[in-house]
Amino acid sequence: MLRSRRSFVRSLCRTAAVFSLDEILAGSSLGVQFINVAREAGLHAKTVFGGEKKNRFLLETTGCGVAFFDYDNDGWLDIFLVNGARFEAKPGKGNEPTSRLYKNNRDGTFTDVTLASGLARAGWGQGCCVGDYDNDGNDDLLVTYWGDCVLYRNNGNGKFTDVSEKTGIAKTARLTPKGLKRWNTGCAFLDYDKDGQLDLFIANYIDFDPKTVPVPESGNCLYKGIRVACGPPGLDGGKNILFHNNGNGTFTDISEKAGIWKTPGTYGLGVLVTDFDNDGWPDIYVANDSTSSALYRNNRDGTFTDIAIEAGAAYSADGKPQAGMGVSAGDYDCDGKFDIIKTNFAGDTSSLYRNLGGNFFEDTTFQAGA
């Protein structure tokens, strides 16, 4: 049975801060106030994602990610904004919406350096993540797309080079085994085998084919009585990807061998990497939409095991699947163990999983007032 969705925006990068209305109002009463200064700061480019008045496909509802990182090593955080596309009213060549890189001018303003940096690329952008995969001291950038993943090598002179083909990333990230475009979403760099080289994990959402998926005018997917784009339940979930860094500028897809495909949950969106069991090895958590989330425990032998269900970090407190979107971690109770905060789709609470140690978590969302 296909479930309905409405238009919404998801954050697909590695970390995010989420504030409730009560928190914002409380901050205001204490004299703390947030003001939107994007335009004054120089962030002028329009974010495009799907139709302006109506969305016919689930792809048009996920939105784009963002990364704050110091690409030029001047000690100031710059901003990279992923951009999307539209199915209808396609602009002429050269006028397509592209992702944007803004250089921090160190005075509260930013300069658009997209073209000069080599990061101007059109497409259905999804998420992004940052890491120095070649250990040259410069942060590199990976951008995920429906139908592609682009790895940009930071040249250290303000410019980036697309090394997707050269590194072997593109071959795996473009098409599913069925020949459909891969719907790559959240991503993270990590050294899962502790060899000193950053490896790469990429979540996947669904195996999406606009030619066959039900659309509002012909489907039966309703949201509050309105016909909307269908999914993800009823559609085939995508398979997550784990790339091993070979240390010579190339990557090898080891997803199946490493056990990444052995998971009951799918429809991956947000990705989080941290050491949940304090054994010195990075684990991976994936916020899955409309099903159990995944907690890949690092087995310290090049393989992972999804323990989310038995660990108590897969479902809600009453054992129901939730529509996970973004995810982050922090030691909120200062006990030396990383806890998990997962945001969920509209109409649901966020999920706060307290780390009890020994690979066990407790859903303390309501007790903690989250």
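Since this is a predicted model, take the numbers as computed values, not measurements.

Caption draft 1: The arrangement of the state of the cysteines in detail. Following the criterion strictly, the structure yields two disulfides and no others. A sulfur-sulfur distance of 2.4 Å marks the disulfide that ties Cys 129 to Cys 187. With the S-S bond torsion at -125°, the cross-link from Cys 129 to Cys 187 turns out left-handed. Placement of the pair is Cys 129 in strand β5 (residues 125–131) and Cys 187 in strand β9 (residues 184–190), with a sequence separation of 58 residues.

Caption draft 2: Local environment of the packing of aromatic side chains. In this structure the tally under the stated criterion is 15 aromatic pairs. Relative to Trp 146, the ring of Phe 87 has its centre 6.3 Å away and its plane inclined at 65°; by these criteria the two rings are edge-to-face. In this pair, Phe 87 sits in the loop between β2 (78–81) and β3 (100–104) while Trp 146 sits in the loop between β6 (140–145) and β7 (148–154), placing the two residues 59 residues apart along the sequence. We classify Phe 87 as partly exposed; its relative accessible area is 26%. Ring centres 5.9 Å apart and planes at 50° place the aromatic pair Tyr 192 and Phe 304 in the tilted group. Placement of the pair is Tyr 192 in the loop between β9 and β10 (199–204) and Phe 304 in strand β18 (residues 304–306), with a sequence separation of 112 residues. Take Phe 304: its relative accessible area is 4%, and that puts it in the buried class. Through successive ring pairs, a cluster of aromatic residues spans Phe 49, Phe 57, Phe 87, Trp 124, Trp 146, Trp 183, Tyr 205, Phe 208 and Tyr 267. The ring of Tyr 145 has Arg 121 sitting right over it, with the charged end atom 5.5 Å from the ring centre. The positively charged end of Lys 181 is found above the aromatic ring belonging to Trp 146, 4.4 Å away from the centroid.

Caption draft 3: Seen up close, the confidence of the model for the protein chain. Looking at the protein chain as a whole, the pLDDT averages 90, with 92% of positions reaching at least 70. Overall, residues 1–18 carries pLDDT values under 50, and its contacts beyond four positions in sequence, including any with other chains, amount to 85 contacts.

Caption draft 4: Broad picture of the sheet that holds β2. Spatially, four strands are ordered β1-β2-β3-β4 in an open sheet, and the strand pairing comes out antiparallel. Each of the sheet's edge strands pairs with one partner strand only, and the pair in question is β1 (66–69) and β4 (110–112). Within the sheet, the average angular offset between the axes of one strand and its neighbour, ignoring direction, is 20°. When β1 meets β2, the two strands line up antiparallel, connected through four bridges. Across the sheet, Phe 68 pairs through a bridge with Ile 79, a residue of β2.

Caption draft 5: Expanded view of the side chain of Asn 55. Along the chain, Asn 55 turns up in the loop between α2 (38–41) and β1. By relative accessible area, Asn 55 is classed as buried at 14%.

Caption draft 6: Expanded view of the pairing of strand β13 (residues 241–245). Most of β13 sits out of view: five of its five residues are buried. Residue alternation in β13 divides its side chains into two sets, Ile 241, Phe 243 and Asn 245 and Leu 242 and His 244, and both sets are buried. Sheet topology places β10 next to β13; three bridges connect them, and they run antiparallel. Paired with Phe 201 across the bridge in β13 is Leu 242. Pairing geometry for β13 and strand β14 (residues 251–253), over three bridges, is antiparallel. Note that in β14 the partner of His 244 across the bridge is Thr 252. Counting the residues that bridge the hairpin from β13 to β14 gives five residues, and of these Gly 247 lies at a positive phi of roughly 80°.

Caption draft 7: Looking closely at the nonpolar core. Phe 80, Leu 101, Leu 141, Phe 160, Trp 183, Ile 206 and Phe 208 are the most contacted members of the largest nonpolar core, which has 37 residues in total. Broken down by secondary-structure element, the contributors of at least two residues to this core are β1, β6 and β7. The greatest single-element share of this core, amounting to three residues, is contributed by β6. Leaving out residues up to four positions away in the same chain, Trp 183 has contacts with Leu 58, Leu 59, Thr 62, Gln 126, Tyr 145, Trp 146, Ala 203, Asn 204, Tyr 205, Ile 206 and Phe 208.

Caption draft 8: The arrangement of empty space enclosed by the protein in detail. Applying the stated criterion across every chain, the model contains one cavity of 30 Å³ or more. Taken as a whole, the largest cavity holds about 40 Å³ of empty space. In this structure, the largest cavity is lined by Ala 45, Lys 46, Thr 47, Leu 81, Val 82, Asn 83, Thr 98, Arg 100 and Tyr 102.

Caption draft 9: Representation of the sheet that holds β14 within the structure. Ordered in space as β9-β10-β13-β14, the four strands form an open sheet in which the pairing is antiparallel. The sheet is open, and its two edges are formed by β9 and β14, each paired on a single side. Mean inter-strand twist for the sheet, computed between neighbouring axes without regard to direction, equals 20°.

Caption draft 10: Local environment of the side chain of Asn 138. As for its position among the elements, Asn 138 is in the loop between β5 and β6. Apart from residues lying up to four places away in sequence, Asn 138 is in contact with Asn 73, Asp 132, Asn 154, Asn 155 and Gly 156.

Conventions adopted
Residues numbered from 1 in each chain as written. Predicted model: local features only at pLDDT ≥ 70, side-chain atom pairs only at ≥ 80, totals over all residues. Heavy atoms only, no water. Disulfide = S-S within 2.5 Å. Helix = DSSP H or I, 4+ residues; strand = E, 2+ residues; numbered from the N terminus. Phe/Tyr/Trp six-rings, centres within 6.5 Å; stacked < 30°, edge-to-face > 60°. Buried < 20%, exposed > 50% of the residue type's maximum accessible area, 1.4 Å probe, protein only. Lys NZ or Arg CZ within 6 Å of the ring centre and 35° of its normal. pLDDT = per-residue confidence, 0-100. Contact = heavy atoms within 4.5 Å. Pairing = 2+ DSSP bridges. Axes fitted to C-alpha atoms, helices over the stretch in contact; angles between N-to-C directions. Core = buried A, V, L, I, M, F, W, Y, C linked by side-chain atoms within 4.5 Å. 1 Å grid on protein atoms, 1.4 Å probe; cavity = no way out; pocket = protein on both sides within 12 Å on 5 of 7 lines; lining within 4 Å. Points joined across faces, edges and corners; volume = space filled by probe spheres on them.

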